[in-house]
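# Structural overview for review
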Amino acid sequence: MPIGSCRALGACVMALSLLAACSKKVEYPAEVQRATYGSCVQAFKAKAPADLGNVDAKAKGYCQCVLDGLQAKVPLQDFQRYEQLLISAGPAAERERLEKAVVAVADVCLKRLPTF
């Protein structure tokens, strides 16, 4: 293979590696995962309609989906700031900006709810 082709191939492999690294989820610390998952399950069960059926399994599936989605799409710093803003009723513009990413994850998981 000519040297020019090797360089082009190497550049393509490097670009693909960088793109793959960008899409990997970064796991939140264990205590954040536990708290987020636990509060999600509790809230899901409290709000689930009586006729939903198999609420425990659906809550676990939905909340795992949410946790995975948050870790993949919402940086930890943004998620923690969003939680602070919810508690403190902080600046609405910042809260709304951060909320969009969180709600987008929840919406995807709600659409998958029947499969859990």
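Refer to the structure printed above.
Remember, it's a predicted structure, so these values are computed and weren't measured experimentally. Throughout this document, residue positions are counted from 1 along each chain, in the order its sequence is written. With pLDDT at 70 or above as the cut-off, local features in this predicted model cover only qualifying residues; side-chain atom pairs require 80 or more to be listed or tallied, and sums for whole chains, interfaces and linings still use all residues. Values shown for side chains rest on all heavy atoms present in the structure; no hydrogens or waters enter the calculation.

This part is about the state of the cysteines. Cysteine pairs can be covalently joined through their sulfur atoms, and such a bond is termed a disulfide. Throughout, a disulfide means two cysteine sulfur atoms within 2.5 Å of one another. All told, the structure shown has 2 disulfides when counted by the stated rule. Each disulfide pairs two cysteine sulfurs, and for Cys 40 the partner residue is Cys 63, the sulfurs being separated by 2.1 Å. What sets the handedness of the Cys 40 and Cys 63 disulfide is the S-S torsion sign, and at about -85° it is left-handed. Of this pair, Cys 40 sits in helix H2 (residues 30–47) while Cys 63 sits in helix H3 (residues 55–73), placing them 23 residues apart in sequence. Relative accessible area decides the class of each residue, using a 1.4 Å probe on protein chains only: under 20% of the type maximum gives buried, over 50% gives exposed, and in between gives partly exposed. Since its relative accessible area comes to 15%, Cys 40 is described here as buried. Sulfur-sulfur distance for the disulfide between Cys 65 and Cys 109 comes to 2.1 Å. Because the sign of the S-S torsion sets the handedness, a value of about -85° for the bond joining Cys 65 and Cys 109 places this disulfide among the left-handed ones. Separated by 44 residues along the polypeptide, Cys 65 in helix H3 and Cys 109 in helix H5 (residues 92–112) bring together distant segments of the chain. The two residues Cys 65 and Cys 109 agree in class, both being buried. What links to what in the protein chain: the bonded cysteines, counted in sequence order, pair as 1-2, 3-4. Helix and strand assignments follow DSSP, with helices taken as H or I runs no shorter than four residues and strands as E runs no shorter than two, numbered in order from the N terminus.

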